[in-house]
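# Analysis of the macromolecular model
Letter by letter, the chains look like this.
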There are 2 protein chains.
Amino acid sequence: MITLYDCATAPSPRRARILLAEKGITHETVQVDLKAGEQLGDVYRKINPLCTVPALRTNEGVTLTSNAAIAAYLEARFPQPPMLGVTPLDKADIADWHWRIEFEGFMPIAEAFRNNSVAMLHRALPGPVNYEQIPQLAERGLARLQQFLSDLNERLRDRDFIAAQQFSIADIAAVVTVDFARIVKVRPDERHPHLLRWRTAMGQRPTMAL
Amino acid sequence: MITLYDCATAPSPRRARILLAEKGITHETVQVDLKAGEQLGDVYRKINPLCTVPALRTNEGVTLTSNAAIAAYLEARFPQPPMLGVTPLDKADIADWHWRIEFEGFMPIAEAFRNNSVAMLHRALPGPVNYEQIPQLAERGLARLQQFLSDLNERLRDRDFIAAQQFSIADIAAVVTVDFARIVKVRPDERHPHLLRWRTAMGQRPTMAL
């Protein structure tokens with residue numbers, strides 16, 4: 001049985017959670033209490049030395065410790081429905097936007113949050129090593145987030161999906177990222193009509209309630 | 001004919017350059033003069049609005065504007081030899097380490113360099129938007145780079161390749177990243193014997209001279 005190490009309130013494992021659901025993959029879920037610091041405890045550290053969620057234990061008994069690994073594995077092991085594209089150009093478009101959403105959207109939000117929250121003192125980055133907060137990085141994160149929302153809105157001007165004219169992992173990552181922005185009190189608004197239209201349409205998928 | 005928009009002295013396009021060579025893909029190369037700011041000029045901006053290299057114009061006439069897109073496209077279009085793995089678990093291991101090398105290695109070096117170099121004033125991030133330098137981020141980048149070299153050395157303790165017991169895009173990214181560290185005056189040393197052994201072995205591949 002596949003096991004997802006998850007945290008119901010956290011954005012990174014939500015990506016894996018939605019991906020599993022979109023592919024209809026039966027699995028068990030183990031909640032890891034990030035607020036209590038369970039990811040840094042001895043028990044979870046043995047499961048994932050990187051001290052992050054998601055982690056996914058496969059049928060073969062291997063534990064995958066990043067969304068990158070989980071997506072590559074699930075797509076190869078359970079190809080239908082495809083979430084990374086099928087043709088070379090579709091794969092390229094989806095990989096491109098998946099990467100942009102991560103670097104230009106998700107990371108700036110994480111920077112804005114982790115470098116400014118009292119709860120994240122000394123924890124400016126996830127993982128086993130502590131790094132001090134950098135207030136200027138929180139500010140830059142907020143500025144980059146506005147740029148990202150504007151770019152994503154423009155991208156969606158004449159599209160129903162982020163990439164390759166099909167629902168893909170890029171849409172999953174984008175929904176999770178846009179929703180995650182609430183943690184720094186940012187939501188798409190009247191400046192982002194195409195983005196709002198797309199987010200409403202995505203909300204029709206039952207998996208987006210996960 | 002495939003065209004690579006390249007810059008011979010820059011690390012990001014080197015990843016695409018080596019990947020093309022390892023797959024034996026015939027292509028043309030156009031040099032973009034990053035030192036002169038050609039990537040921000042009107043001509044290149046029409047080719048790649050993100051103002052970055054590498055970009056790759058495909059046989060179909062589509063321009064791919066990130067290493068993520070280029071790798072996904074080339075692997076699907078020219079599957080042999082595989083660089084992203086073949087089995088689900090190998091694909092996962094390679095994607096995992098490819099991601100870690102990018103986030104834990106390449107980005108810290110870029111942060112250490114771009115936030116501390118006079119040549120990069122106002123250019124703390126690549127792309128069309130200017131962001132101010134954050135000196136603390138340069139310092140953090142150097143600290144994270146030491147952590148990365150230590151982790152990579154440990155990873156290679158009993159391995160000839162970064163992931164999945166085979167040469168892959170993770171090795172390409174790791175060679176480019178380890179070599180890129182020179183820009184902030186960091187090189188693996190006697191604390192990293194496994195990393196040095198692997199780098200020497202990689203140097204036997206003619207593509208690593210590119």
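That block above? That's the structure.
For the structure given in this document, a descriptive report is provided here. Remember, it's a predicted structure, so these values are computed and weren't measured experimentally. By convention here, each chain's residues receive numbers from 1 onward along its written sequence. For naming, the first written chain is A and the first written ligand is 1, with later ones following in the order written. Owing to the predicted nature of the model, reporting of local features is limited to residues with pLDDT of at least 70; listing and counting of side-chain atom pairs is limited to 80 or more, with chain, interface and lining totals taken over all residues.

In this section: the overall build of chain A. Looking only at helices and strands, chain A has seven helices and four strands in total. Secondary structure follows DSSP: runs of H or I at least 4 residues long count as helices, runs of E at least 2 residues long count as strands, and numbering of each begins at the N terminus. In chain A, the succession of helices and strands from N to C terminus is β-α-β-α-β-β-α-α-α-α-α. Radius of gyration means the value over C-alpha atoms here, while the globule rule gives 2.2 Å times the residue count to the 0.38 power. Relative to the 2.2 N^0.38 estimate, which gives 17 Å for 210 residues, the radius of gyration of chain A is 17 Å and therefore close to what a compact globule would have. When the backbone C-alpha atoms are referred to their principal axes, chain A occupies close to 50 × 45 × 30 Å. Between the buried cut of 20 or more and the exposed cut of 12 or fewer other C-beta atoms within 10 Å of a residue's own C-beta lies the partly exposed class, and all C-beta atoms are placed from the backbone. Residues counted as buried form 48% of the 210 residues belonging to chain A. Residue pairs in contact within chain A that sit at least 24 positions apart in sequence constitute 62% of those at least 6 positions apart. What counts as a contact is two residues whose backbone-derived C-beta atoms lie within 7 Å of each other.

If you look at the interface, chain A gives 26 residues, while chain B gives 26 residues. With eight residues, the single largest contributor to the side of chain A that touches chain B is helix 4 (residues 88–114) of chain A. Ten residue types, Ala, Val, Leu, Ile, Met, Phe, Trp, Tyr, Cys and Pro, are classed as nonpolar, four, Asp, Glu, Lys and Arg, as charged, and the remainder, Gly among them, as polar. Within the side of chain A that touches chain B, the residues separate by chemical class into 16 nonpolar, five polar and five charged.

Residues and elements named next belong to chain B. In this analysis an axis means a line fitted to C-alpha atoms, helices contributing only their contacting stretch, and an angle means the value between N-to-C directions, from 0 to 180 degrees. At a minimum axis separation of 10 Å, helix 1 (residues 11–22) and helix 3 (residues 67–77) run at an interaxial angle of 5 degrees. Viewed along their axes, helix 1 and helix 3 adopt a mutual orientation that is roughly parallel. Of helix 3, the residues touching helix 1 (which contributes Ser-12, Arg-15, Ala-16 and Leu-19) are Asn-67, Ile-70, Ala-71 and Leu-74. Residues that form the contact of helix 1 with helix 3 fall into these classes: five nonpolar, two polar and one charged. Angle categories are assigned with fixed cut-offs, so that under 35 degrees is roughly parallel, over 145 is roughly antiparallel, 65 to 115 is roughly perpendicular, and the rest are oblique.

Turning our eyes to something else, we now look at the sheet that holds strand 1 (residues 3–6) of chain B. Residue and element names in this part refer to chain B. Pairing between strands is defined by DSSP: at least two bridges between the two strands are required. The strand order 2-1-3-4 describes an open sheet built from four strands, whose pairing is mixed. If you trace the sheet from one side to the other, it starts and ends with strand 2 (28–31) and strand 4 (63–64), each paired once. With four bridges joining them, strand 1 and strand 2 adopt parallel strand pairing. Within strand 2, the residue paired with Leu-4 across the bridge is Thr-29.

A few words now on the relation of the copies chain A and chain B. The copies are overlaid by a least-squares fit using only the C-alpha atoms of residues whose pLDDT is at least 70 in both copies. By a simple turn and slide, chain A fits onto chain B: the slide is 0.0 Å along the axis, the RMSD is 0.0 Å, and the turn is 180 degrees. Such a combination of turn and shift is consistent with a two-fold rotation axis. Closest to the rotation axis within chain A is the C-alpha of Leu-137 of chain A, separated from it by 3.9 Å. With an isologous cut-off of 70% or more, the 96% of interface residues of chain A that recur at the interface of chain B puts this contact in the isologous class.

When two helices pack together, you describe them by how their axes are tilted relative to each other and by the distance separating the axes. Two elements in contact, helix 4 of chain A and helix 3 of chain B, have axes separated by 7 Å at closest approach and are oriented at 155 degrees. It follows from the interaxial angle that helix 4 of chain A and helix 3 of chain B lie roughly antiparallel. Remark: the crossing between helix 4 of chain A and helix 3 of chain B carries right-handed chirality. Here helix 4 of chain A contributes Pro-88, Leu-89, Lys-91, Ala-92, Ala-95, Asp-96, His-98 and Trp-99 of chain A to the contact with helix 3 of chain B, which in turn contributes Ala-68, Ala-69, Ala-72, Tyr-73, Ala-76 and Arg-77 of chain B. Tallied by class, the residues present in the contact of helix 4 of chain A with helix 3 of chain B amount to ten nonpolar, one polar and three charged. Here a crossing is taken to be left-handed if its near helix is turned anticlockwise relative to the far helix by less than a right angle, and right-handed if that turn runs clockwise.

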